[in-house]
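Here is how the chains run, residue by residue.
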Amino acid sequence: MTAPSGGSSPQRRPQQRKQVLLRLDPSVYEALARWAGDELRSANAQIEFLLRRALKEAGRLPGEAGPMPRRGRPPAPPQ
């Protein structure tokens, strides 16, 4: 988006989620996938959950970090 003339700052777009390539030992991935399944999460969501928890416990979770995205189907739009 561009800023309208008149000196106001440009509007910010919603921040996109980052994609990261992660290489794991196959046995670590299998354990992670089983754990994720036990908690009804995908392996990706389990990794993010664990990283957020570790950052919070270390006092390093940024204040601007939004909440974990909701799982499952998005709510239906109001009719």
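Residues numbered from 1 in each chain as written. Predicted model: local features only at pLDDT ≥ 70, side-chain atom pairs only at ≥ 80, totals over all residues. Heavy atoms only, no water.

(A) Quick peek at the overall build of the protein chain. Counting its secondary structure elements, the protein chain contains two helices and zero strands. Within the protein chain, buried positions represent 10% of all 79 residues. Summarising the internal contacts of the protein chain: among those between residues at least 6 apart in sequence, 17% fall at separations of at least 24. Put simply, the protein chain shows about 7,700 Å² of open surface, and 55% of that area lies on carbon and sulfur atoms. (Helix = DSSP H or I, 4+ residues; strand = E, 2+ residues; numbered from the N terminus. Buried < 20%, exposed > 50% of the residue type's maximum accessible area, 1.4 Å probe, protein only. Contact = heavy atoms within 4.5 Å. Areas by Shrake-Rupley, 256 points an atom, 1.4 Å probe, with all protein chains shown as cover.)

(B) Main features of a nonpolar patch on the surface. Taken together, L22, L24, V28 and Y29 make up a surface patch of nonpolar side chains, about 350 Å² in accessible area. The topology assignment puts L22 in the segment before α1 (26-38). (Patch = residues over 30% accessible without salt bridge, like charges linked within 9 Å, V, L, I, M, F, W, Y side chains within 5 Å. Salt bridge = Lys/Arg side-chain N within 4 Å of Asp/Glu carboxyl O.)

(C) Up close: the confidence of the model for the protein chain. The predicted model of the protein chain averages 83 in pLDDT, with 80% of residues at 70 or higher. Below pLDDT 50 for its whole length, residues 1-5 participates in six contacts with residues either more than four positions away or in separate chains. (pLDDT = per-residue confidence, 0-100.)

(D) Representation of the layout of surface pockets in the model. Each pocket or cavity is described by its volume, and for the largest pocket that value is around 890 Å³. In terms of lining residues, the largest pocket is bounded by 20 residues, among which R17, K18, V20, E48 and R52 are the most central. Classifying every residue of the lining of the largest pocket by side-chain character gives 10 nonpolar, five polar and five charged. (1 Å grid on protein atoms, 1.4 Å probe; cavity = no way out; pocket = protein on both sides within 12 Å on 5 of 7 lines; lining within 4 Å. Points joined across faces, edges and corners; volume = space filled by probe spheres on them. Nonpolar A, V, L, I, M, F, W, Y, C, P; charged D, E, K, R; others polar.)

(E) The arrangement of unusual backbone geometry in detail. Located in the positive-phi region is L40, a residue other than glycine, with phi close to 55°. Following the sequence through the fold, L40 ends up in the loop between α1 and α2 (43-57).

(F) How the structure looks around the packing of aromatic side chains. According to the stated counting rule, one finds zero aromatic pairs in the structure shown. Against the face of F49 rests R41, its NZ or CZ located 3.9 Å from the ring centre. (Phe/Tyr/Trp six-rings, centres within 6.5 Å; stacked < 30°, edge-to-face > 60°. Lys NZ or Arg CZ within 6 Å of the ring centre and 35° of its normal.)

(G) Spatial organisation of the pattern of salt bridges. Across all of its chains, the model carries three salt bridges by this definition. Linking E48 and R17 is a salt bridge whose minimum nitrogen-to-oxygen distance equals 2.4 Å. One end of the pair, E48, is in helix α2; the other, R17, is in the segment before α1, and 31 residues separate them in sequence. In this structure R17 comes out as exposed when scored by relative accessible area, which is 52%. Between E48 and R52 there is a salt bridge, with its nearest N and O atoms 3.0 Å apart. One end of the pair is E48 and the other is R52, both in helix α2 and four residues apart, which spans about a single turn.

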